[in-house]
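Okay, here's what each chain looks like letter by letter:
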Amino acid sequence: MALQDLLRRRPRSPPPPWPLPPPCLAPASTPCPLPHGTTTLAFRLAQGVVAAADTRSSCGTYVACPASRKVLPVHARLLATTSGTSADCATWLRALRCQLALRRQEDGREPGVAEAAALLAGGLRAQRGRGLCVAVALCGWDRAGPGLWYVYSDGTRLPLDVVAVGSGSPYAYGLLDGAYRPDMPPAAAYALARRAVAHATHRDAYSGGCVDVFHVRQSGWVWVSHGDVGELRGLARALAPTEEDEEEGAEQTSVDQYKPAGTSLERH
Amino acid sequence: MAARYDRAITVFSPDGHLFQVEYAQEAVKKGSTAVGIRGLDIVVLGVERKSVAKLQEERTVRKICALDDHVCMAFAGLTADARIIINRARVECQSHKLTVEDPVTVEYITRYIASLKQRYTQSNGRRPFGISALIVGFDDDGSPRLYQTDPSGTYHSWKANVIGRNAKTVREFLEKNYTEEAIATDKEAIKLAIRALLEVVQSGGKNIELAIIRRNQPLQIFSAKDIESQVAEIEKEKEESEKKKKKSI
């Protein structure tokens, strides 16, 4: 009866009469209101949506899993980057998967990214105030083309072109905002995604491990690359053209890569 | 006698009948024929389709519905009741996947539908569902299944079965013709289903709707053209076998 409960959108059981244990995972001294340790990002291109994430699952200062999967498939044309409490994200994405499968049966066609975002946000909103922490970027391709929606567990639902989620997101945004262009070729997009996550793991203690890059195209999602952050982080190596980059012509292998477009380094 | 005990579903008659359930079974007998065949690597559902009115869109008159990627059902009886059962069954298929991370077995979803029907024969203020269903599909281990439910909430597994109008005639045909050779290949199983329906359907292939599930493949609904070509093949075979009989005589 689990899915029927979700669809009814009301919590079935009353809260237990005993005091709930305090959430043991939240580091008490964190002033930062960002969700728990992770760096995930996604951005929209003409040829689809590129999503990338690190692989470190942290539990306070303890690395619970250095090789976790933070980009989870929902169906053939929809991925979700997860941030926040891993268990909440996994559970709610499983529920979303079942809800979308049901819709596909009933309507006879694939539900869109906006619809998936609305279903997820609605379900989370009904559970607001119960301590869920789910910050998900839904990346998909539907009838309207590439779609990217950010969903948070208070019910926030935003259609965006560029989104980075997690404790490492400010560092990732720094690189993304400078170099992102909606007409980027895919190879440059993969390199940018890798660079942004790798740089975030350099500065954020709660992000690390490896970088997974995915691309959602019209024909479905593909797992582009899985690179160790230690290898990517070395500046020269991070900037060297890889096989995919070389397709689109060599990029400049110099520190100038970090110069945001349109400004000069000399200005203060 | 019956008149005093058939108003309320929750009242037994002195000789042990639940008349409302039996009347529901009468409603099923008025519905259009549906036949199900269990082959070795294929399950086939064939349904007699009433002619679609000229102005009506053909697509909305579907009597074979998928419950999940690997299970589908056909029904005989009240279409609206069937729609409710199908919706509930679809939700239950996904709910099962959510709780257990496995797709339903055909028997599980049949049991769910049968329990749903039985619940409606034991509450006041409700009436039984007026449909019988044929539920076909493949389990995880690859075995094909065919189940039939009726308005009382019982279900049984069958090798081949038929429900609705003229069910008796078609069942006799199936009992005679369901043999090892008849289901040896997918094509033969499909032909058997069509031959069974042609026993009772007037005006041939136009009024037949056919769907198959092959192992590890989704439901495949036959187009009118495919059905016509199969019917033409069957008629050719019939002619040839009759010619042979005449020659031998």
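Residues numbered from 1 in each chain as written. Chains lettered and ligands numbered in written order. Predicted model: local features only at pLDDT ≥ 70, side-chain atom pairs only at ≥ 80, totals over all residues. Heavy atoms only, no water.

1. Structural notes on the overall build of chain B
Convention followed: Helix and strand labels come from DSSP, where a helix needs a run of H or I of at least four residues and a strand needs a run of E of at least two; each type is numbered from the N terminus. Atoms counted for the radius of gyration: C-alpha only. Globule rule: 2.2 Å times the number of residues to the power 0.38. Per-residue accessibility, obtained with a 1.4 Å probe over protein chains only, is compared with the maximum for each type, and a residue is labelled buried under 20%, exposed over 50%, and partly exposed between these values. Contacts were defined at the residue level, with two residues in contact if any of their heavy atoms lie within 4.5 Å. Areas reported here follow the Shrake-Rupley algorithm with a probe of radius 1.4 Å; residue values treat only the protein chains shown as occluding. The positive count covers Lys and Arg only, the negative count covers Asp and Glu only, and His and the chain ends enter neither. Charge placement uses NZ in Lys and CZ in Arg. For Asp and Glu, CG and CD serve respectively.
Scanning chain B for helices and strands turns up seven helices and 10 strands. Relative to the globule expectation of 18 Å for 249 residues, the C-alpha radius of gyration of chain B, 19 Å, shows essentially globular dimensions. For chain B, the spread of C-alpha atoms along the principal axes amounts to about 65 × 50 × 40 Å. Expressed as a percentage of its 249 residues, the buried residues of chain B come to 49%. Considering only residue pairs separated by 6 or more positions, chain B has 62% of its internal contacts joining residues 24 or more positions apart. As displayed, chain B has an accessible area near 13100 Å², and 49% of this comes from carbon and sulfur atoms. Positive and negative side-chain charges of chain B, numbering 40 and 35 respectively, have mean locations separated by a distance of 5 Å.

2. Here we look at unusual backbone geometry
The phi torsion of most residues other than glycine is negative, and most of the peptide bonds are trans. Residues and elements named next belong to chain B. Even without glycine at this site, N166 takes up a positive phi of about 55°. Take N166: it is sitting in the loop between β8 (160-163) and α5 (167-177). Unusually for a residue other than glycine, N216 sits at a positive phi of about 60°. As for its placement among the helices and strands, N216 is situated in the loop between β9 (208-214) and β10 (220-221). Note on N216: relative accessible area 76%, which makes it exposed.

3. Details of the sheet that holds β8(B)
All names here are of chain B. Here is the rule we go by: Whether two strands pair depends on DSSP finding at least two bridges between them.
Sheet architecture is open: five strands sit in the order β8-β1-β2-β9-β10, paired in antiparallel fashion. At either margin of the open sheet sits one strand with a lone partner, and together these are β8 and β10. Strand direction decides the pairing type here: strand β2 (residues 42-48) and β9, joined by seven bridges, are antiparallel. What sits directly across from V47, in β9, is E209.

4. Focus: a negative patch on the surface
Definition in use: Residues enter a patch when their relative accessible area is above 30% and they make no salt bridge; the linking distance is 9 Å between like charges and 5 Å between nonpolar side chains (Val, Leu, Ile, Met, Phe, Trp, Tyr). For salt bridges, the criterion is a side-chain nitrogen of Lys or Arg within 4 Å of an Asp or Glu carboxyl oxygen.
A cluster of acidic side chains, namely B:E228, B:E235, B:E239, B:E240 and B:E242, defines a negative patch on the protein surface. The residue B:E228 is located in helix α7 (residues 224-248) in this model.

5. Topic: the sheet that holds strand β6 (residues 78-84) of chain A
All names here are of chain A. Put simply, the rule reads: Fitted lines through C-alpha atoms give the axes, limited to the stretch in contact for helices. The angle between two N-to-C directions lies from 0 to 180 degrees.
With respect to topology, five strands assemble into an open sheet ordered β5-β6-β7-β8-β9, the strand pairing being antiparallel. The open sheet terminates on both sides in strands that have one partner only, identified here as β5 (71-75) and β9 (157-159). Taking each pair of neighbouring strands and ignoring which way they run, the sheet shows an average axis angle of 25°. Taken together, the three bridges between strand β8 (residues 145-152) and β9 define a ladder with antiparallel strand orientation. In the strand pairing of β9, W149 is matched with P159. On the sheet, helix α2 (residues 86-107) packs against β5, β6 and β7 (134-142) and is oriented at approximately 15° with respect to β5. In the packing of helix α3 (residues 113-126) onto the sheet, contacts are made with β6, β7, β8 and β9, and the angle to β7 comes to roughly 160°.

6. As for the nonpolar core
Let me state the cut-off plainly: Throughout this description, the term nonpolar core refers to a set of buried Ala, Val, Leu, Ile, Met, Phe, Trp, Tyr and Cys residues connected via side-chain atoms within 4.5 Å.
Judged by nonpolar contacts, the single largest core of 29 residues is most densely connected at B:V35, B:I37, B:V44, B:L174, B:I190, B:L192 and B:L210. Counting only elements with at least two residues in this core, the list comes to β1 (34-38), β2, β8, α5, α6 (186-198), β9 and α7 of chain B. Sequence-distant contacts of B:I37, that is, excluding residues within four places in its chain, are made with B:I42, B:V43, B:V44, B:L146, B:K159, B:A160, B:L174, B:Y178, B:I183, B:A189, B:L192 and B:A193. Listed in part, the 25 residues of the second largest apolar core include A:L41, A:A164, A:A172 and A:A200.

7. Digging into the pairing of β9(B)
Residue and element names in this part refer to chain B. Among the seven residues in β9, six count as buried, and that is most of the element. The pairing of β9 with β10 spans two bridges and is antiparallel. Each residue of the ladder has a partner; that of A211, found in β10, is I221. Hairpin geometry of β9 and β10 is characterised by an intervening segment of five residues between the two adjacent antiparallel strands and by a positive phi of about 60° at N216.

8. Some details on the pattern of salt bridges
All names here are of chain B. The full count for this structure, using the stated rule, is 20 salt bridges over all chains. Residue K97 pairs with D68 through a salt bridge whose shortest N-O separation is 3.6 Å. Residue K97 is located in helix α3 (residues 79-100), and its partner D68 is located in strand β3 (residues 64-68); the two are separated by 29 residues in the primary sequence. Across the salt bridge formed by E237 and K191, the nearest N and O atoms sit 3.1 Å from each other. Of the two residues, E237 sits in helix α7 while K191 sits in helix α6, which places them 46 residues apart along the sequence.

9. Some thoughts on the side chain of A:T38
Within the secondary structure, A:T38 is located in the loop between α1 (2-8) and β1 (40-45). Leaving out residues up to four positions away in the same chain, A:T38 has contacts with A:D54, A:K70, A:T82, A:S83, A:V165, A:G166, A:S167, A:G168, A:D204, A:Y206 and A:S207.

10. What about the interface of chain B and chain A?
Buried accessible area, meaning the area lost when the parts come together, often serves as the stated size of an interface. Put simply, the rule is: Two parts placed together each lose some accessible area under a 1.4 Å probe, and the buried area is that loss summed for both.
Listed as interface residues are 14 residues of chain B and, on the opposing side, 13 residues of chain A. For chain B, the biggest contributors to the area lost against chain A are B:V91, B:Q94 and B:L98; these three give 50% of the whole. At the junction of chain B and chain A, the tally comes to one salt bridge. Between B:E101 and A:R94 there is a salt bridge, with its nearest N and O atoms 2.6 Å apart.

11. Regarding α5(B)
Think of an α-helix as turning once every 3.6 residues; residues three or four places apart then point the same way. All names here are of chain B. Basically, it comes down to this: By construction, the arc corresponds to the directions joining the helix axis to the C-beta atoms.
Among all positions of α5, only A167, V170, F173 and L174 are buried. One face of α5 carries all of its buried residues, which in axial projection span an arc of 130°. Exposed side chains of α5 directed beyond 90 degrees from the buried face belong to K168, E175 and K176. Against β1, β8 and α6 lie the buried residues of α5.

12. Here's the deal with the packing of α3(B) against helix α4 (residues 106-119) of chain B
Residue and element names in this part refer to chain B. To be explicit about the condition: Any angle between 65 and 115 degrees counts as roughly perpendicular, while under 35 counts as roughly parallel, over 145 as roughly antiparallel, and the rest as oblique. Left-handed describes a crossing whose near helix is turned anticlockwise from the far helix by less than a right angle; the clockwise case is right-handed.
Across the interface, α3 lies against α4 with an axial gap of 10 Å and an inter-helix angle of 135°. As summarised for this structure, α3 and α4 are arranged oblique, according to the angle between their axes. Of the two elements, α3 crosses α4, and the hand of that crossing is right-handed. Here I85, R88, A89, E92, C93 and H96 of α3 lie close against α4, whose contacting residues are Y108, I109, Y112, I113, L116 and K117.

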